[in-house]
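Here's the letter readout for the chains.
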Amino acid sequence: MVYSNDNVVGINQLINEAQIMKRRKNISREIFLRLLREAETETTDMFVQISVNLLIDNVEEARNLFETLDEQSKEVYLDMPISYFLNS
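Here goes a summary of the coordinates provided.

Reading the values: rules and limits
- Within every chain, residues take consecutive numbers counted from 1 along the sequence as written.
- Thresholds applied to this predicted model are a pLDDT of at least 70 for local features of residues and 80 or more for the giving and counting of side-chain atom pairs; totals over whole chains, interfaces and linings are not thresholded and use all residues.
- For side-chain calculations, the full set of non-hydrogen atoms in the structure is used, while hydrogens and water are omitted.
- Every angle, taken between N-to-C directions, lies between 0 and 180 degrees, and every axis is a line fitted to C-alpha atoms, over only the stretch in contact when it is a helix.
- Numbering of helices and strands starts at the N terminus; helices are DSSP runs of H or I of at least 4 residues and strands are runs of E of at least 2.
- The labels follow the angle: roughly parallel below 35 degrees, roughly antiparallel above 145, roughly perpendicular from 65 to 115, and oblique for the rest.
- Rotating anticlockwise by less than a right angle from the far helix to the near helix defines a left-handed crossing, while the corresponding clockwise rotation defines a right-handed one.
- We call two residues in contact when some of their heavy atoms are within 4.5 Å.
- In this classification, the charged set is Asp, Glu, Lys and Arg, the nonpolar set is Ala, Val, Leu, Ile, Met, Phe, Trp, Tyr, Cys and Pro, and all remaining amino acids, among them Gly, are polar.
- Ring pairs are drawn from Phe, Tyr and Trp, using the six-membered ring of Trp, whenever the two centres fall within 6.5 Å, and their geometry is named by plane angle: stacked under 30 degrees, edge-to-face over 60, tilted for the rest.
- Burial status follows relative accessibility: with a 1.4 Å probe on protein chains alone, a residue under 20% of its type maximum counts as buried, one over 50% as exposed, and anything between as partly exposed.

### A word on the packing of helix α2 (residues 29-40) against helix α3 (residues 46-55)
Interhelical geometry of α2 versus α3 gives an angle of 140 degrees and a closest axis separation of 9 Å. In terms of their interaxial angle, α2 and α3 are classed as oblique. In this structure, α2 meets α3 at a crossing whose hand is left-handed. Contacts between α2 and α3 pair Phe32, Leu35, Glu38 and Ala39 from the former with Val48, Val52 and Leu55 from the latter. Class assignment of the residues belonging to the contact of α2 with α3 gives a composition of six nonpolar, no polar and one charged.

### Section: the packing of aromatic side chains
Aromatic ring pairs are reported here in terms of the distance separating the ring centres and the angle at which the planes meet. The tally for this structure, following the rule as stated, stands at three aromatic pairs. Judged by centre distance (5.2 Å) and plane angle (80 degrees), the rings of Tyr84 and Phe85 are edge-to-face. According to the relative accessible area criterion, Phe85 is buried, its value standing at 4%. Pairwise contacts between aromatic rings join Phe47, Phe66 and Tyr77 into one cluster.

Below, the structure written as structure tokens:
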């Protein structure tokens, strides 16, 4: 799935909201279910795939996806706050 501008805003908002909740150790059931649905969606955005997998505690899959990135993309991702969960 390639995201339209509205979808990009929506998925980014979901990821940001879920990150906050995860840091507080309290992801709501609704947000978790939305993340699960997103994880099942075919997307070409590797950053979204990695982020969603991290947020649903599928860290091994997130790390596998991360390893497929080129070095520059890895650096960009590691500068993002969500990368904290790659090492947790």
